[in-house]
Amino acid sequence: MKNRQILTIFLIIITSLSHAQYVIKDGSDLLNLKKVPQEKSYVDHNGPLVFAGEYLVYSLHCFNAQTNNPTNVSKIGYVALVNESKKFIFEHKVKLEKGHGYGDFFVSTEIPSGSYKLLGYTQWMKNSGLSQVFKDDIVIINPYLADQSTLLDISRGDVLPNTVKSTIISDSSTLTIRTNKSTYLPREIVNLNIKNFKGALGHGSYTIKVKRKEEIAIASAINSITYGNAYFNADKEIKQTIGDSIFLPEQRGELIYGTVKNTETGLPTENLPVVISIPGKESLLKFSETDQNGNFYSYIRKDRKNPFAVIQVENQDGTYIIEKGVPKNIDLSDLKFSDFNLSRDQEEYIKNRSVLNQIENQFFGSKPDSILESNPIDIFNGGIPEVIILDDYTRFPTLEESLVEVVKFAGFRKGNTNDAYIRIGQDFKSYDEEYNDFPAIVLIDGVYIPNHEQIRTYDARKIEKISLTRDQFRLGSKEYQGIISIETFKGDFLDSYTSKNSLVVPFKQPISKKNYFVQTYQLGDTTFDRVPDYRRLLYWNPQFNIANSTYDFEFYTSDLEGTYEIILNGFTTYGKPLSIIKEIEVLKVN
């Protein structure tokens, strides 16, 4: 019931969206918005020290700041890396499922050495400013660039080891980590057991990582307990008042929005139908309508495959200017960075680690991560289309001729104006419906075509196949008779598409979810005998849900000797942070 109330609040106020921000109109408006709980977030990662040529992996947890339960407000979160100049190295859009998401970033040799800040937030959190945002220190060492001045303090000569802040670790009586022994050989299996002694009190969402303990003195990454204490007094609701602007949450998926203005007057245009298409083989089609301020918006829920969107005014009678909205960045002026310095006696260690990274990356193809396949997108909404492969028939030069000669039930028809539109014949045997003269929804490589006259002479030699369904559809307030989807051989229709009242815009995709590679060495399997193994991160499970009493895992050590930390980090279902560390050794036999 509470979820429905929150959704209703945003359905009411979203119609006044402007520049991703909403202006609080009156006391009733403010009261409704204060009913929506503020959020807070935590990012677990494999830092704080990352070299060029390594991956920074992370797991994002977003919470209801009032209850500490996983948030049900935002469906999109953000993880960003910022340098000391307050510039974004990356800002990843992360899809949240029950408040959780994860991703990674490869640190290339173009990123200079220095101190960085890892941030975690949602659009809704931006209303409380930088203090609400999760922040942790990341140090990047890139020996491939000559300038290392940001990490070297020449005036101090050989720099003393950094003062390392202590990290609060829970010797939890709720959960324990056990291994079958404490010392292992390279490439030996490790049996890991996690036991929950408190039943439902231990249930929750966690991350598990097994990483080489840092050889350089550096402050540890913030664990869940340290985070819980540091953000205990985070804002529980927005603090804005009447007349203030606020960021709205992405509660139903990715928010895409903008403004439409009349070209002649420059004034916003209201009640104007806007169609947003995500092109590609698995295309998406969304409808919106401008409000009294010319604003439109839509949410993208499905996992789209294309980083572009085509925004078009359906009404082709007038001429309009379309502007896509871009959310403002959070104010980073008060962001502070750690004071980390390298010393000259660490030079050999840095060289050795970098060489091992190069070797490991050379063999990445032998042990790749895999992208998780998302659910396929069906533009026909469950209908079974008729598919016509044009190479199976006599070829005709234009689309209009191909429809006449090859495709049944579809063709161009003259409307009330001089322009023709594509009409799909009704299927009265399958559907009980009255006769109509509705146009078809027409897509080429997923791009919505508002003006069918424009494609009458389209070169049919570029077309591979035409798919169509004959049932009725409604897009916004307008009725359509069927969908006709045209696919070209190259899938590049968007590259040359130009049309009045249209705008092609980049639309950043959420980061893809992965199955992270788990190295194994099975008895009798010689696949990896000649493949070096210098992994520092032996195991990474970004989202592990505990709902039972015991769990067993296994992973293999690498050729890299030293001390490794097994870290369980996360939160129970009622919001209590838990963090446990166990160390193991990897040593060769003398």
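Rules used in this analysis
- Residues numbered from 1 in each chain as written.
- Predicted model: local features only at pLDDT ≥ 70, side-chain atom pairs only at ≥ 80, totals over all residues.
- Heavy atoms only, no water.
- Helix = DSSP H or I, 4+ residues; strand = E, 2+ residues; numbered from the N terminus.
- Buried < 20%, exposed > 50% of the residue type's maximum accessible area, 1.4 Å probe, protein only.
- Contact = heavy atoms within 4.5 Å.
- Areas by Shrake-Rupley, 256 points an atom, 1.4 Å probe, with all protein chains shown as cover.
- Lys, Arg positive; Asp, Glu negative; His and termini not counted.
- Charge placed at Lys NZ, Arg CZ, Asp CG, Glu CD.
- Pairing = 2+ DSSP bridges.
- Polar contact = N/O pair within 3.5 Å; in protein donor to acceptor, adjacent residues only side chain to side chain.
- Phe/Tyr/Trp six-rings, centres within 6.5 Å; stacked < 30°, edge-to-face > 60°.
- Lys NZ or Arg CZ within 6 Å of the ring centre and 35° of its normal.

Participant: Describe the overall build of the protein, with residues and values.
Facilitator: Each helix and strand in the protein was counted, giving six helices and 34 strands. For the protein, the spread of C-alpha atoms along the principal axes amounts to about 85 × 65 × 55 Å. Counting all 590 residues of the protein, 52% fall into the buried class. Taking all contacts inside the protein whose residues are at least 6 apart in sequence as the whole, residues at least 24 apart take part in 76%. If you sum the accessible surface of the protein, you get close to 27600 Å²; carbon and sulfur atoms cover 50% of it. For the protein, the distance from the average site of its 67 positive side-chain charges to the average site of its 74 negative ones is 4 Å.

Participant: How would you sum up the pairing of strand E8 (residues 114-121)? Please name residues and give values.
Facilitator: Buried residues dominate E8, accounting for eight of its eight residues. Residues of E8 alternate between two faces, with Gly114, Tyr116, Leu118 and Gly120 on one and Ser115, Lys117, Leu119 and Tyr121 on the opposite face, all of them buried. Here seven bridges tie E8 to strand E9 (residues 134-141), and the two strands are oriented antiparallel to one another. Each residue of the ladder has a partner; that of glycine 120, found in E9, is phenylalanine 134.

Participant: Which residues make up the environment of serine 108, and what values go with them?
Facilitator: Turning to its location among the elements, serine 108 is positioned in the loop between strand E7 (100-106) and E8. Serine 108 sits in the partly exposed class, given a relative accessible area of 22%. The residues contacting serine 108, other than those within four sequence positions of it, are Ala52 and Asn142.

Participant: How would you explain the side chain of arginine 536 if you had to name every residue and give the values?
Facilitator: One can find arginine 536 in the loop between strand E30 (514-515) and strand E31 (537-546). A distance of 3.0 Å separates the side chain of arginine 536 from the side chain of glutamate 215, its partner in a polar contact. The contacts of arginine 536, once residues within four sequence positions are left out, are Glu54, Val210, Lys211, Arg212, Lys213, Glu214, Glu215, Tyr349, Arg353, Leu560 and Tyr564.

Participant: Any details on the packing of aromatic side chains? Residues and values, ideally.
Facilitator: Working definition: an aromatic ring pair is given by the centre-to-centre distance plus the angle between the planes. The final tally for this structure, using the stated rule, is 24 aromatic pairs. With a centroid separation of 5.1 Å and 45° between ring planes, the pair formed by tyrosine 42 and tyrosine 227 is classed as tilted. Of the two residues, tyrosine 42 is situated in strand E2 (residues 39-45) and tyrosine 227 in helix H3 (residues 224-230); the sequence distance between them amounts to 185 residues. Judged by relative accessible area, which is 0%, tyrosine 42 ranks as buried. Judged by its relative accessible area of 2%, tyrosine 227 is buried. A connected cluster of aromatic rings, assembled from ring pairs, spans Tyr42, Phe63, Phe134, Tyr227, Tyr231 and Phe571. A cation over a ring is seen here: arginine 456 above phenylalanine 412, with NZ or CZ 5.6 Å from the ring centre. If you follow arginine 470 out to its NZ or CZ, it ends over the ring of phenylalanine 409, 3.7 Å from the centre.

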